[in-house]
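Below, each chain spelled out in residue letters.
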Amino acid sequence: ALNDSNIILSIDGLMNLSKNENKFALKLKGENIKLNDINLTKKYEGSLLNFDIDANFTGNRIDNADGEVVINSFSFANNGEIFVLDSAYIKANNSASPQFIEVKSELINGNIIGKYKFSSLKNSFIGISSEVMPTFFINKAKAVENYNRFKFGFKIPNTELLTKTFELPFMLSDDEIKQHDSIFN
């Protein structure tokens, strides 16, 4: 645990790293985290972050991790705006075929299903996004070694408060994003 005037952070749980398949059961709780004051960012001066997260998963690499992350609560205050996420659920199965990731929350609902290397999904989504919103992605992500073949669908409600609180350069309003079975590199 860490108890400071700029951050209260506790991590409790079990980590079993003794077998071929590592097991994790963790509870993370952060209160009154002043991101600017602990030098995590210069962007959010005077901001305050709070969260309560449970994570249970197995796997010896991120690419074969199976399990779930439950966000019991999340709040971020910045510039007089407060973004609150009451709960969120993320479940992943990366050791079987087809692989899947499922996300459920009041902010975003959706899934990714197919064959992919989890560690390279970020680059795949940056590549997809740069085609649709080229102004936001001047330097497109480098191509990854493995081809990702997956389909995805996400429903995203109005993000106005999220955009204001986190000072994002874009806002979505009741949008649904879908991609049918495609190969991304």
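The preceding data block contains the structure.
Just so it is clear, the model here is predicted, and its values are computed rather than measured.

(A) Region of the structure containing the packing of aromatic side chains. Within the structure shown, the criterion is met by 9 aromatic pairs. Measuring from centroid to centroid gives 6.0 Å for F150 and F152, while their planes differ by 45 degrees, and the two rings are tilted. By the burial criterion, F150 is buried, and F152 matches it. These aromatic residues form a ring-pair network of at least three members: Y44, F74, F76, F83 and F166.

(B) Expanded view of the pattern of salt bridges. Overall, the coordinates contain 4 salt bridges when judged by the stated rule. Two residues, E102 and K104, come together in a salt bridge whose shortest N-O distance is 3.5 Å. E160 is the partner of K164 in a salt bridge, and the nearest nitrogen-oxygen pair spans 3.4 Å. Remark: E160 and K164 occur in helix α2 (residues 160–166); sequence separation between them is 4 residues, near one turn of the helix.

(C) Local environment of unusual backbone geometry. Cis geometry marks the peptide bond from S97 to P98, where omega comes out at 0 degrees. Structurally, P98 can be placed in the loop between β7 (88–93) and β8 (99–105). We note that N32 has phi near 50 degrees; this positive angle belongs to a residue other than glycine. Tracing the sequence through the fold places N32 in strand β3 (residues 23–33). Accessibility expressed as a relative area gives 36% for N32, which makes it partly exposed. One non-glycine residue, N39, adopts positive backbone phi at about 60 degrees. Among the structural elements, N39 can be located in the loop between β3 and β4 (48–58).

The rules behind these values
- Residues numbered from 1 in each chain as written.
- Predicted model: local features only at pLDDT ≥ 70, side-chain atom pairs only at ≥ 80, totals over all residues.
- Heavy atoms only, no water.
- Phe/Tyr/Trp six-rings, centres within 6.5 Å; stacked < 30°, edge-to-face > 60°.
- Buried < 20%, exposed > 50% of the residue type's maximum accessible area, 1.4 Å probe, protein only.
- Salt bridge = Lys/Arg side-chain N within 4 Å of Asp/Glu carboxyl O.
- Helix = DSSP H or I, 4+ residues; strand = E, 2+ residues; numbered from the N terminus.

Limitation: the analysis is restricted to geometry and does not speak to function.
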